[in-house]
Amino acid sequence: MKHISISYFVLLLSISALEFVYSNGDLKTFTNSCKLLNKRNIGVISQTAFNRPEPIWKATSNIQPDVEGGPTGVINFQPIGPYNLIRVFINGTGFPVGKHAVHIHIFGDVSQGCKSTGPHMLSNFIGNVEAKDDGAILSTFSTPFISIFGVNGILGRSVVIHEKPIEVNSRISPYFASPSFSVQSEEKEVGIALACGSIIFANNLI
């Protein structure tokens, strides 16, 4: 009985150690440790320790009108697949009919409306969305030009929907060639900001 208790205690310690290594991303050490445990026959390690899914870090923004009574909505950002794409979900109401540019702005500050979001991050290209006759925008698309973290990370910044669309064909080359942190003031091209919101962590439970 005492032998069983000691073995069980060692097993629990081993699982805890494995989960610590796994959660810190050291997959090589994790794999080697699993092989070592198997050789020593310390029982069956819980499948939870092996197959626990990695978190999917999602972001969201509740967009508010720059002028009272203007458009509102929600924009969600979620990584998909192995190719570093971000899927963008936009659900908005109250927009003027037609196409509108969607930009990532450098600051996540909306204390003074869209004015305090600063300039557009040129390399964080999203594109245009279209409002239907009822003023609604419901759009889903993917882009390789943004990420949740990193150099092109959007977390802590803001997303802005503008009055006019951006001319993609005339702007696409500079987007590819520009440095990651280049910015621009785009009011002359895409008009005033209609709505904006800070980009924050979303519920990441999967």
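Quick caveat: nothing in here was measured; it's all calculated off a predicted structure.

Engineer: Just to check I follow, could you spell out the state of the cysteines for this structure?
Structural biologist: Taken as a whole, this structure holds one disulfide when the rule is applied. Paired through a disulfide, Cys 114 and Cys 196 show a sulfur-sulfur distance of 2.2 Å. Judged by the sign of its S-S torsion, about -105 degrees, the cystine formed by Cys 114 and Cys 196 is left-handed. Linking Cys 114 in strand 5 (residues 111-114) with Cys 196 in strand 10 (residues 193-198), this pair joins segments that are 82 residues apart in sequence. Each member of the pair, Cys 114 together with Cys 196, is buried.

Engineer: Before we go on, may I ask you to explain the pairing of strand 1 (residues 59-65) in this structure?
Structural biologist: Sheet analysis places strand 1 next to strand 2 (residues 72-80), joined by five bridges and oriented antiparallel. When the sheet's bridge partners are listed, Ser 61 is paired in strand 2 with Ile 75. Alignment of strand 1 against strand 11 (residues 200-201), held across two bridges, turns out to be antiparallel. When the bridges of strand 11 are listed, Ala 59 appears paired with Phe 201. When strand 1 meets strand 10, the two strands line up antiparallel, connected through two bridges. Directly across from Gln 64, in strand 10, lies its bridge partner Cys 196.

Engineer: Quick question: what am I supposed to make of the confidence of the model for the protein here?
Structural biologist: Caution applies to low-pLDDT regions: their predicted coordinates should not be interpreted in detail. Predicted confidence across the protein gives a mean pLDDT of 75, with 62% of residues reaching 70 or more. Mean pLDDT in the protein bottoms out at helix 4 (residues 168-177), which sits at 44, and peaks at strand 10, which reaches 97. This stretch, residues 1-13, has a pLDDT under 50; its non-local contacts, to residues over four places away or in other chains, come to four contacts.

About the thresholds
- Residues numbered from 1 in each chain as written.
- Predicted model: local features only at pLDDT ≥ 70, side-chain atom pairs only at ≥ 80, totals over all residues.
- Heavy atoms only, no water.
- Disulfide = S-S within 2.5 Å.
- Helix = DSSP H or I, 4+ residues; strand = E, 2+ residues; numbered from the N terminus.
- Buried < 20%, exposed > 50% of the residue type's maximum accessible area, 1.4 Å probe, protein only.
- Pairing = 2+ DSSP bridges.
- pLDDT = per-residue confidence, 0-100.
- Contact = heavy atoms within 4.5 Å.

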